[in-house]
Amino acid sequence: MAHVDVLLPTCDRPYALTLTLAGLALQSYTDLRLVVADQNAQPLAQLPSLAALARVIEARTGHAVEWHHRPTRLGIAEQREFLLARATAPLVLYLDDDVLMEPWVLAALVAAHRRERCGFIGAFPAGLSFRDDVRPGQQHVDFWDGPVRPEALEPGSAEWERRRHLHRAANLWHATARHAPRTPRLYKVAWVASCVLYDRTRLLEVGGFSFWPRLPRYHSGEEVLVQNLLMRRAGGCAMMPSGTYHAEEPSTVLNAKGRVDGHALALLPELAAALGSESAA
Amino acid sequence: MTNRVDVLVATYRRPAALAVLLTSLCAQTFRDFRLVVSDQSDESAFDADEVRAALRVLRTHGHPLEIHRHLPRRGLAEHRQFLLDRAQAPCVLFLDDDLILEPDVLALLVHAMERERCGFLGQAVIGLSYVDDVRPHEQAIEPWDGPIAPEAVAPGTRAWERHRLHNAANLYHVQQRLALPPGRYLAYRIAWIGGCVMYDTAKLRAAGGFGFWRELPPAHCGEDVLAQLRVMARYGGGGILPSGVYHQELPTTVADRRIDAPHVLGLDRGTLHGPC
């Protein structure tokens, strides 16, 4: 069994996916197994570059790549739940199909988890096309200067808003240049998307993404919800520098009008209360 | 100020493969290189999102980048000569546009070039789809026991048969068996080596580079082989393992292989041989 199962949902972005797999194939940390949930109409596994990258990943990790072609699209939360059910490793890395990773990222995330034992640690990608869009008012960073601790963060609160801005445009990238940490530092988040290492046991304790049937087909916020629940019980954070970059392709979770029909945070009060009474009991 | 290495990439009609190669360059532990990419596709490779994304990261790492649209197409030899003419660094690394490189490939090549002081060194390209196709009869390897010396290797000779080691995943099987400690390498004798070759820039130029393109029709193959044979005859060259270079195993973009440069032109500059 690998120590990390990399869970990768992909849909309609074959070329960004090649970058993502190339970054994954070259990680210095190799105790990983890749599980792909492919929702393209035609399976991508046979594209030459992707097939070659899968072979490199197998050769370097010693673990067979699991490639599931499942063209029926029920939404991203369902994809994530499907992948979680395939996982067996103590840690799972949810990796979006448009993220380019530096080779040290996974090693740094695993090391941080070993130290903190918290619910999740993210590596939020910079949008480098925003490099020249410097927004000093959105670069505030709250570092975890001790151990990462559980916290109840209310969506929409002033603190939530402040933390949220850091993950827009290239704000994190600019903040990183200013703080220039020599070794990765952990900071507080509202949530963190795209490349997130979860403690699988903790993630299952809050129910994973099993709430997916209660969401409309086109939704967002499924990771925001899960992370908010995890933060309450086990704490969560993100890493600076993140060592990741966005491929900057259009979103693939939107409906024909370019919108979503629902946000998973609508379920937060109910799920938080249920978990709260469970831990109180 | 020049970099220690200029990485030279000629590309044609495969932007996704190129983006994977560029991602491999983002991951290199050796960072003192400049990148020159020249594209001969009908639609510019530099307009592809995935190529732009990878180039943005390379820029962020501080690598000087030079991109060219080099048209019309006059064949690969001319394309390589065009790239060589752009070079400023003491070493040039020619990379095919359909490779995946492990992060230590450049570091090992630079280290070996400094020790060996020969004309060129390469890491042969492994086709991992052949990982279960073990071919003991193609695993013969001739290590360089002393310093790498000039060698004349011609088509049809016994030494020419060395190329079989680079077929399929043979080299992968050999290096798995040898299991050298990290940072160590083995230099071995070759006929030629494809895909990922680092030259001493001055020595490649002194041997004529790819200037023989004028003697070939635009449709040809084997131009890298011929350049290597000529450098090898004057300065020596070799392969080093372990190789961390993998093929993406795309169909070739050199469709017409009837004119094979080393069979048409000889080892000596200006000598013309009949077709084989």
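Residues numbered from 1 in each chain as written. Chains lettered and ligands numbered in written order. Predicted model: local features only at pLDDT ≥ 70, side-chain atom pairs only at ≥ 80, totals over all residues.

Before going further, it helps to examine the overall build of chain B. Along its length, chain B carries eight helices and 10 strands. Each of the three principal axes of chain B carries a C-alpha extent, and together these read 45 × 45 × 40 Å. Burial status across chain B gives 50% buried among its 276 residues. A sequence separation of at least 24 residues applies to 88% of the contacts in chain B between residues at least 6 apart. (Helix = DSSP H or I, 4+ residues; strand = E, 2+ residues; numbered from the N terminus. Buried ≥ 20, exposed ≤ 12 C-beta atoms within 10 Å, placed from the backbone. Contact = placed C-beta atoms within 7 Å.)

What follows is about the overall build of chain A. A count of helices and strands for chain A gives nine helices and 12 strands. Here chain A has a C-alpha radius of gyration of 18 Å; the compact-globule value for 281 residues is 19 Å, and the two agree. Taken along its principal axes, the extent of the C-alpha atoms in chain A is 50 × 40 × 40 Å. The proportion of buried residues among the 281 residues of chain A is 48%. (Rg over C-alpha atoms; globule rule 2.2 N^0.38 Å.)

Once that is clear, we can look at the interface of chain B and chain A. A common measure of how large an interface is: the accessible area buried when the components associate. Between chain B and chain A, the residue contacts involve 25 residues of the former and 22 residues of the latter. Looking at the side of chain B that touches chain A, the elements that each hand over two or more residues are α1 (15–26), α2 (49–60) and β10 (245–247) of chain B. The greatest single-element share of the side of chain B that touches chain A, amounting to seven residues, is contributed by α2 of chain B. Its residues assigned to classes, the side of chain B that touches chain A shows 14 nonpolar, six polar and five charged. (Nonpolar A, V, L, I, M, F, W, Y, C, P; charged D, E, K, R; others polar.)

Residue and element names in this part refer to chain B. An order of β3-β2-β1-β4-β8-β6-β9-β7 is seen for the eight strands of this open sheet, with the pairing classed as mixed. Lying at the two open borders of the sheet, with one neighbouring strand each, are β3 (65–69) and β7 (186–188). Direction aside, the axes of adjacent strands within the sheet are offset by 25° on average. Here five bridges tie strand β1 (residues 5–11) to strand β4 (residues 91–95), and the two strands are oriented parallel to one another. Paired with Asp6 across the two strands is Val92, which belongs to β4. (Pairing = 2+ DSSP bridges. Axes fitted to C-alpha atoms, helices over the stretch in contact; angles between N-to-C directions.)

Residues and elements named next belong to chain A. When you tally the buried positions in strand β10 (residues 236–240), you get five out of five residues, the bulk of the element. Residues of β10 alternate between two faces, with Gly236, Ala238 and Met240 on one and Cys237 and Met239 on the opposite face, all of them buried. In the sheet, strand β6 (residues 120–122) pairs with β10 via three bridges, with the strands oriented parallel. Bridging across to β10, Ile121 finds its partner in Cys237. Pairing geometry for strand β7 (residues 185–187) and β10, over three bridges, is antiparallel. Directly across from Arg185, in β10, lies its bridge partner Met240.

Residue and element names in this part refer to chain B. This prediction gives chain B a mean pLDDT of 93; 97% of its residues lie at or above 70. This model gives residues 270–276 a pLDDT under 50, and the stretch forms 10 contacts once residues within four places in sequence are excluded. Here the predicted complex carries an ipTM of 0.92, next to a pTM of 0.94. (pLDDT = per-residue confidence, 0-100.)

So, about unusual backbone geometry. All names here are of chain B. In this chain, Leu71 is followed by Pro72 through a cis amide linkage whose omega measures 0°. Its location among the elements puts Pro72 in the loop between β3 and α3 (76–86). A cis amide bond links Leu241 with the next residue in sequence, Pro242, at an omega value of 5°. Within the element layout of this structure, Pro242 appears in the loop between β9 (237–241) and β10. A positive phi angle, close to 55°, is found at Arg117, a residue other than glycine. On the secondary structure map, Arg117 appears in the loop between α4 (105–116) and β6 (120–122). Among the residues examined, Arg117 registers 12 C-beta atoms within 10 Å and is labelled exposed.

Residues and elements named next belong to chain B. Its place among the elements puts Met1 in the segment before β1. Residue classification places Met1 among the exposed positions, given that 4 C-beta atoms sit within 10 Å. As for Met1 and Ala89, which are separated by 88 residues in sequence, their C-alpha atoms are 9.4 Å apart.

Time to look at the packing of helix α1 (residues 14–25) of chain A against α1 of chain B. Describing two packed helices takes the angle between their axes plus the distance from one axis to the other. Running from N to C, α1 of chain A and α1 of chain B point in directions that differ by 30°, and their axes come no closer than 9 Å. Taken together, α1 of chain A and α1 of chain B sit at an angle that is classed as roughly parallel. For the crossing formed where α1 of chain A meets α1 of chain B, the hand is right-handed. Facing α1 of chain A, whose interface residues are Tyr15, Thr18, Leu19, Ala22 and Gly23 of chain A, α1 of chain B presents Ala16, Ala19, Val20, Thr23 and Ser24 of chain B. Class assignment for the residues of the contact of α1 of chain A with α1 of chain B results in six nonpolar, four polar and no charged. (Parallel < 35°, antiparallel > 145°, perpendicular 65-115°, else oblique. Left-handed = near helix turned anticlockwise from the far one by under 90°.)

Right, let's talk about the sheet that holds strand β4 (residues 91–95) of chain A for a bit. Residue and element names in this part refer to chain A. The eight strands are arranged β3-β2-β1-β4-β8-β6-β10-β7 in an open sheet whose pairing can be described as mixed. Lying at the two open borders of the sheet, with one neighbouring strand each, are β3 (66–69) and β7. On average, each strand axis in the sheet is inclined to that of its neighbour by 25°, with strand direction left out of account. Strand direction decides the pairing type here: strand β2 (residues 32–38) and β3, joined by four bridges, are parallel. Among the inter-strand pairings, Val36 is bridged to a residue of β3, identified as Trp67.

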